[in-house]
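# Topology and contacts: notes
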Amino acid sequence: GAVVSQHPSWVICKSGTSVKIECRSLDFQATTMFWYRQFPKQSLMLMATSNEGSKATYEQGVEKDKFLINHASLTLSTLTVTSAHPEDSSFYICSAIGTRYRYGYTFGSGTRLTVV
Amino acid sequence: AQKVTQAQTEISVVEKEDVTLDCVYETRDTTYYLFWYKQPPSGELVFLIRRNSFDEQNEISGRYSWNFQKSTSSFNFTITASQVVDSAVYFCALGFTGGGNKLTFGTGTQLKVEL
């Protein structure tokens, strides 16, 4: 089946530093990738949609300059949290769909970011 | 606008009980997809089912079954003979191709199955 690998699983960083999260589709070409943010005991909130080779489309209220998304190839999308602050601490999860997706949207395992 | 409502925030049952998780959706699109995902404490989302708007057949997969009723815009999920391993947060989600394939998630239902 379709597999999406997300790294790192967890990361702790100091306030003011940047953190990069990678999302890779292992056995299919991901034409579209989605990045979500989830606070404890809350639902997943879509941050942005990225199509390979195009600029990401951000949801209303999401800072483009803070959350940099790059979808440079059909198998890799990255989310960089720039100048992270404690309020950016959250669970970030990516999902991907390809031209043929039997199982629906495939999700990565998520990244728990803690900014101290 | 797309909207998914999961009115049950938390459900507690004793093992072997049957439990139904409710999902009500709103959409103006005629072609859409409905999903259920399981999120165990580890955080990853586990795909359970996808149903398109033209397929109202109910589905059964082992102890899981789904009841899709367009007339009431509902897509309910039943676990028969629940087990402790079923404890997780369950999300219902709505997607449609016209919206760039975005998924709209419900707020989730925390299911606790106790011995």
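### Quick notes on the pattern of salt bridges
All names here are of chain B. Counted according to the given criterion, the structure contains seven salt bridges over all chains. The partner of Glu59 in a salt bridge is Arg51, and the shortest N-O contact between them spans 2.7 Å. In this structure Glu59 comes out as partly exposed when scored by relative accessible area, which is 31%. The exposure class of Arg51 is buried, given its relative accessible area of 6%. With a shortest N-O distance of 2.8 Å, Arg63 and Asp86 are connected by a salt bridge. One end of the pair, Arg63, is in the loop between β7 (59-61) and β8 (64-69); the other, Asp86, is in the loop between β9 (74-79) and β10 (88-95), and 23 residues separate them in sequence. Arg63 sits in the partly exposed class, given a relative accessible area of 25%. Taking the relative accessible area as the measure of exposure, Asp86 reaches 1% and is therefore buried. One salt-bridge network, held together by shared partners, links Arg51, Asp55 and Glu59.

### Things to note about the layout of surface pockets
Remark: the empty space left among the atoms is shown by a probe the size of a water molecule rolled over them. Space inside the largest pocket adds up to approximately 580 Å³. Lining the largest pocket are 25 residues, with Pro40, Lys41 and Gln42 of chain A together with Val89 and Gln110 of chain B positioned closest to its centre. Breaking the lining of the largest pocket down by element, the ones donating at least two residues are β9 (90-98) and β11 (111-115) of chain A together with β10 and β12 (109-114) of chain B. Residue composition of the lining of the largest pocket, by class: nine nonpolar, twelve polar and four charged. Approximately 320 Å³ is the volume attributed to the second largest pocket. For the lining of the second largest pocket, the secondary-structure elements that each account for two or more residues are β5 (44-51) of chain A together with β11 (103-105) of chain B. Of the residues that constitute the lining of the second largest pocket, the class distribution is seven nonpolar, five polar and two charged.

### Focus: the interface of chain A and chain B
Every contact between the two is made by 19 residues of chain A and, on the other side, 16 residues of chain B. Summed over the three residues of chain A that lose the most area to chain B, namely Ser43, Tyr105 and Phe107 of chain A, the buried surface amounts to 32% of that side. For the pair chain A and chain B, the interface holds one salt bridge. One salt bridge in this structure joins Lys102 of chain B and Glu59 of chain A, with 2.8 Å as the shortest N-O distance. The interface formed by chain A and chain B contains four residue pairs in polar contact (both at pLDDT 80 or more). Class assignment of the residues belonging to the side of chain A that touches chain B gives a composition of eleven nonpolar, six polar and two charged.

### Here's the deal with the packing of aromatic side chains
Residue and element names in this part refer to chain A. Taken as a whole and assessed by the stated rule, the structure comprises 19 aromatic pairs over all chains. Centre to centre, the rings of Phe34 and Tyr105 are 5.8 Å apart; their planes meet at 55°, and the pair counts as tilted. One end of the pair, Phe34, is in strand β4 (residues 30-38); the other, Tyr105, is in the loop between β9 and β10 (106-107), with 71 residues separating them in the sequence. In this structure Tyr105 comes out as buried when scored by relative accessible area, which is 2%.

### Remarks on the pairing of β9 of chain B
All names here are of chain B. For strand β3 (residues 19-21) and β9, the ladder comprises three bridges, and the chain directions are antiparallel. The residue of β9 that forms the bridge with Leu21 is Phe77. Taking the residues that link successive antiparallel strands as the turn, the β8-β9 hairpin has four residues, and the phi of Ser73 there is positive, at about 50°.

Cut-off values and rules
- Residues numbered from 1 in each chain as written.
- Chains lettered and ligands numbered in written order.
- Predicted model: local features only at pLDDT ≥ 70, side-chain atom pairs only at ≥ 80, totals over all residues.
- Heavy atoms only, no water.
- Salt bridge = Lys/Arg side-chain N within 4 Å of Asp/Glu carboxyl O.
- Buried < 20%, exposed > 50% of the residue type's maximum accessible area, 1.4 Å probe, protein only.
- Helix = DSSP H or I, 4+ residues; strand = E, 2+ residues; numbered from the N terminus.
- 1 Å grid on protein atoms, 1.4 Å probe; cavity = no way out; pocket = protein on both sides within 12 Å on 5 of 7 lines; lining within 4 Å.
- Points joined across faces, edges and corners; volume = space filled by probe spheres on them.
- Nonpolar A, V, L, I, M, F, W, Y, C, P; charged D, E, K, R; others polar.
- Contact = heavy atoms within 4.5 Å.
- Buried area = accessible area lost by both parts, 1.4 Å probe.
- Polar contact = N/O pair within 3.5 Å; in protein donor to acceptor, adjacent residues only side chain to side chain.
- Phe/Tyr/Trp six-rings, centres within 6.5 Å; stacked < 30°, edge-to-face > 60°.
- Pairing = 2+ DSSP bridges.

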